[in-house]
Amino acid sequence: GCLCDTGYTGEICNIVECLGGGNCTGHGICLEGGICICQKGYFGSGCETIDVAAKCSDHGYPNAEGNCICDLWFTGPDCSIALCLNNCSGQGTCNSMSGICDCDVGWTAADCSKQLCTKNCSGHGVCSDSEGVCLCQ
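Cut-offs and rules
- Each chain carries its own residue numbering, running from 1 in the written order of its sequence.
- In view of the model being predicted, local features appear only for residues whose pLDDT reaches at least 70, and side-chain atom pairs are presented and counted only at 80 or more, with totals across whole chains, interfaces and linings using the full set of residues.
- With hydrogens and water set aside, each side-chain value is computed from the structure's full complement of heavy atoms.
- Working definition: helices are DSSP H or I runs of at least four residues, strands are E runs of at least two. Numbering for both runs from the N terminus.
- The globule rule used here is 2.2 Å times the number of residues to the 0.38 power, and the radius of gyration it is set against is calculated over C-alpha atoms.
- We call two residues in contact whenever any of their non-hydrogen atoms come within 4.5 Å of each other.
- Note on areas: Shrake-Rupley with a 1.4 Å probe; residue coverage comes only from the protein chains shown.
- Any Lys or Arg side-chain nitrogen found within 4 Å of a carboxyl oxygen on Asp or Glu counts as a salt bridge.
- The buried label goes to any residue with under 20% of its type's maximum accessible area, the exposed label to any with over 50%, and the partly exposed label to all in between, with areas taken from a 1.4 Å probe on protein chains only.
- Positive residues here are Lys and Arg, negative ones are Asp and Glu, while His and the chain termini are left out of the count.
- In protein, a polar contact means a hydrogen-donor-capable atom and an acceptor-capable atom, both N or O and within 3.5 Å, with residues adjacent in sequence counting only if both atoms are side-chain atoms; elsewhere, any N or O pair within 3.5 Å suffices.
- Note on pairing: two strands pair once DSSP finds at least 2 bridges between them.

(A) Up close: the overall build of the protein chain. A tally of regular secondary structure across the protein chain gives one helix and 16 strands. Relative to its length of 137 residues, the protein chain is extended, with a C-alpha radius of gyration of 27 Å against a globular reference of 14 Å. Judged by the C-alpha coordinates and their principal axes, the protein chain covers about 95 × 25 × 15 Å. The contacts in the protein chain between residues at least 6 apart in sequence include a share of 5% that link residues at least 24 apart. As presented, the protein chain carries roughly 9100 Å² of accessible surface, and 54% of it is formed by carbon and sulfur atoms.

Structure, rendered in C-alpha cells:
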C-alpha cells in the first residue's frame, strides 16, 4: 500500500482529505474534494473555530464542551428561546421570539399579573391594581 502525503487518502492517495482530522473536526460534513460544510456555530476550513455569536444565537456563549450558557431571559440548546417575566403569571402566553407576554382577557402588565376591573368601574370608582376590584367613590 501507499503511504499518502498529508491531506490525501485512499488506496492510491487520490482522495483529498478534509481538514480537521479528515472529518471537519466533527463539526461539519466533508464533501468530495476535501471541502468542509460546517454546522451552525462553527467556521474555518476544517470547521475548527467556534462562532460564539452564531452558536448561541447572540444570547449566550459556549462552554468548554461547546454547550451554550445562555444569557438571562434566554434558554434552549442554542439560546434562541426568549423567556417571559414570571412566565406571564399563568395569565397569558409567552412569545418565545420576543419574550413579551400576550395577556389573557381581563389581565394586564408586563407579566400579566394585574387583573383589570370590569367595565372600568363604570366610571364611578377606582380599580384596585392588585385585585382587579372596583373601589367605589
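(B) Here's a closer look at the pattern of salt bridges. As enumerated under the stated definition, the model contains one salt bridge in all. Here Lys40 and Asp78 are joined by a salt bridge, their closest N and O atoms 3.6 Å apart. Of this pair, Lys40 sits in the loop between strand 4 (35–38) and strand 5 (42–43) while Asp78 sits in the loop between strand 9 (74–75) and strand 10 (81–82), and the two are 38 residues apart along the sequence.

(C) Spotlight on the environment of His59. Assignment of secondary structure puts His59 in the loop between helix 1 (52–55) and strand 7 (60–62). The class of His59 is partly exposed, set by a relative accessible area of 25%. Other than its neighbours up to four places away in sequence, His59 contacts Cys70, Asp71, Phe74 and Cys79.

(D) Fine view of the side chain of Asp111. Note that Asp111 resides in the loop between strand 13 (107–108) and strand 14 (114–115). Buried and unpaired, Asp111 has Lys114 as its nearest opposite-charge partner, separated by 7.7 Å. For Asp111, the side chain forms a polar contact with the side chain of Ser113, separated by 2.6 Å.

(E) Up close: the side chain of Ser57. In this fold, Ser57 is placed in the loop between helix 1 and strand 7. Assessed through its relative accessible area of 18%, Ser57 is described here as buried. Of note is the side chain of Ser57, whose polar atom sits 2.7 Å from the backbone oxygen of Asp78. The contact partners of Ser57, leaving out residues within four places of it in the chain, are Lys40, Asp78, Cys79 and Ser80.

(F) Inspection of the pairing of strand 3 (residues 28–31) at higher detail. Relative to strand 4, strand 3 runs antiparallel, the two sharing four bridges. Residue pairing in the sheet places Gly28 in a bridge with Cys38 of strand 4.

(G) Structural view of unusual backbone geometry. Of note in the backbone geometry, Ser57 takes a positive phi value of approximately 55° without being a glycine. Of note in the backbone geometry, Cys79 takes a positive phi value of approximately 60° without being a glycine. Mapped onto the secondary structure, Cys79 falls in the loop between strand 9 and strand 10. Judged by relative accessible area, Cys79 falls into the buried class, the value being 0%.

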